[in-house]
Amino acid sequence: QSPALADLLSRAETGNLDLAAAASRLSQAEAQLRQARTLSVPQVGVGLDVSRNGDSDSSAATFGASFSTSYQLDFWGRNQAIADSATATLLASEFDSQTLAISIQASVVSNWLQILENQQRLALARDSLANAERVLDLVQARYRFGAADSLQVSQQRTLVAQLRASLPSLEQQALLLRNSLALLLGQTPEASMPAVTPLLDVVVPAVSAGLPSDLIVRRPDIRASQARLAAANANFTAARAALFPDIALTGRLGAQSAALGTLVSSPVTGWALAAGLT
């Protein structure tokens, strides 16, 4: 129930550089999955070529067009295992992004609460210093009229000096916390921040007791580990299938002609079919 904190979390979601890097890794995993899935479909190629051969007396041109296709029979499930591994890797990347997002949200909340605490400590230290300086003025006045001795004046001066010396460290800590929060937001330290509110105004949501233990499987870091285990099993299946022979079917259909205009109407056609065992 804190508009300031909600604004910070929204800015971190859109501006954090670690989340942007995680999104790039997720796109990379999606591309690898698309690439892995192409292993189970036929590969098709189209070629166009022209060549000219001759000597000092004459030359001749030859035009050609070809269409080829190849398909690898997945008897042992290797291509499917590679696709399964890529799918599990993509899931792990998604869960890693969720884990990172939760971690950054927690860091933003913790940093903001520390800023609120630091501001209250700084305000309290300034009030204490102001009170101590007023007491020092009173003790010095009493000393001038003989109602206090020099020891009381010295003790009060020492207290004032100690309180004044504590302010720079609190101010430095406030600057460090602000810089840390700006880094989490992906912004410069000069970026505008929400107004600081009293720490007591923060409403902590209640957590009910008796949560079931199976809720732990909702944690994205655990689900990412499970996805990586599935990817490792799929990689093992693909590696084991690689020990068996590979069978590939290929075909080619082509046409040649001495003139480009007759390449379609009356070409010289050629074809080839082959099966390979590796």
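All values reported here derive from a predicted model rather than from experimental measurement.

**Q** It is not clear to me how the overall build of the protein chain should be interpreted in this structure. Could you clarify?
**A** Looking only at helices and strands, one finds five helices and four strands in the protein chain. Tracing the protein chain from N to C terminus, the helices and strands come up as α-α-β-β-α-α-α-β-β. Relative to its length of 278 residues, the protein chain is extended, with a C-alpha radius of gyration of 37 Å against a globular reference of 19 Å. Considered along the principal axes of its C-alpha atoms, the protein chain spans approximately 130 × 60 × 35 Å. In the protein chain, which comprises 278 residues, the share counted as buried stands at 24%. Within the protein chain, residue pairs in contact and separated by at least 24 positions form 73% of the contacts whose partners lie at least 6 positions apart. Computed over 20 positive and 22 negative side-chain charges, the separation of the two mean positions in the protein chain equals 6 Å.

**Q** What's the story with a nonpolar patch on the surface in this structure? I'm lost.
**A** Residues Val44, Val46, Phe67, Leu253, Trp271 and Leu273 make up a contiguous nonpolar surface patch of roughly 740 Å² in combined accessible area. Among the elements of the structure, strand 1 (43-54) and strand 4 (268-277) are those that each provide at least two residues to the nonpolar patch. As for its placement among the helices and strands, Trp271 is situated in strand 4.

**Q** Would you explain helix 3 (residues 78-144) in this entry?
**A** An α-helical turn contains 3.6 residues, so a residue and the one three or four places further along point in the same direction. End to end, helix 3 covers 97 Å across 67 residues, agreeing with the expected 99 Å (1.5 Å per residue, within 8%). Positive phi shows up at Gly146, right after helix 3, with a value of about 80 degrees.

**Q** Help me understand the nonpolar core in this model?
**A** Burial of nonpolar side chains together is a common tendency in soluble globular proteins. Of all hydrophobic cores here, the largest spans 16 residues; its most connected members are Leu8, Val108, Trp112, Leu181, Leu185 and Met193. For Met193, the contacting residues outside a window of four places in its chain are Leu8, Arg11, Arg178, Leu181, Ala182 and Leu185.

**Q** Before we go on, may I ask you to explain helix 4 (residues 150-185) in this structure?
**A** Taking 1.5 Å per residue as the helical rise, helix 4 with its 36 residues ought to reach 52 Å, and the 54 Å between its terminal C-alpha atoms agrees with that figure. Taken residue by residue, helix 4 has Val153, Gln156, Val160, Leu167, Leu170, Ala174, Leu177, Leu181, Ala182, Leu184 and Leu185 as its buried positions. Against helix 1 (3-15) and helix 3 lie the buried residues of helix 4. Looking one or two residues past helix 4, Gly186 carries a phi angle of roughly 70 degrees, positive in sign.

**Q** Explanation requested: the packing of helix 1 against helix 4 in the structure shown.
**A** In helix packing, the relevant descriptors are the interaxial angle and the interaxial distance, both defined with respect to the helix axes. Put simply, helix 1 and helix 4 touch, their axes get as near as 7 Å, and they point 55 degrees apart. With respect to their mutual orientation, helix 1 and helix 4 come out oblique. Contacts from Leu8, Arg11, Ala12 and Gly15 in helix 1 reach Leu181, Leu184 and Leu185 in helix 4.

**Q** Even after reading the chapter, I still don't get the side chain of Ser97, so can you show me in this structure?
**A** Residue position: Ser97 is located in helix 3. Excluding anything up to four places from it in sequence, Ser97 contacts Leu19 and Ala22.

About the cut-offs
Residues numbered from 1 in each chain as written. Predicted model: local features only at pLDDT ≥ 70, side-chain atom pairs only at ≥ 80, totals over all residues. Heavy atoms only, no water. Helix = DSSP H or I, 4+ residues; strand = E, 2+ residues; numbered from the N terminus. Rg over C-alpha atoms; globule rule 2.2 N^0.38 Å. Buried < 20%, exposed > 50% of the residue type's maximum accessible area, 1.4 Å probe, protein only. Contact = heavy atoms within 4.5 Å. Lys, Arg positive; Asp, Glu negative; His and termini not counted. Charge placed at Lys NZ, Arg CZ, Asp CG, Glu CD. Patch = residues over 30% accessible without salt bridge, like charges linked within 9 Å, V, L, I, M, F, W, Y side chains within 5 Å. Areas by Shrake-Rupley, 256 points an atom, 1.4 Å probe, with all protein chains shown as cover. Salt bridge = Lys/Arg side-chain N within 4 Å of Asp/Glu carboxyl O. Expected span 1.5 Å × (residues − 1). Core = buried A, V, L, I, M, F, W, Y, C linked by side-chain atoms within 4.5 Å. Axes fitted to C-alpha atoms, helices over the stretch in contact; angles between N-to-C directions. Parallel < 35°, antiparallel > 145°, perpendicular 65-115°, else oblique.

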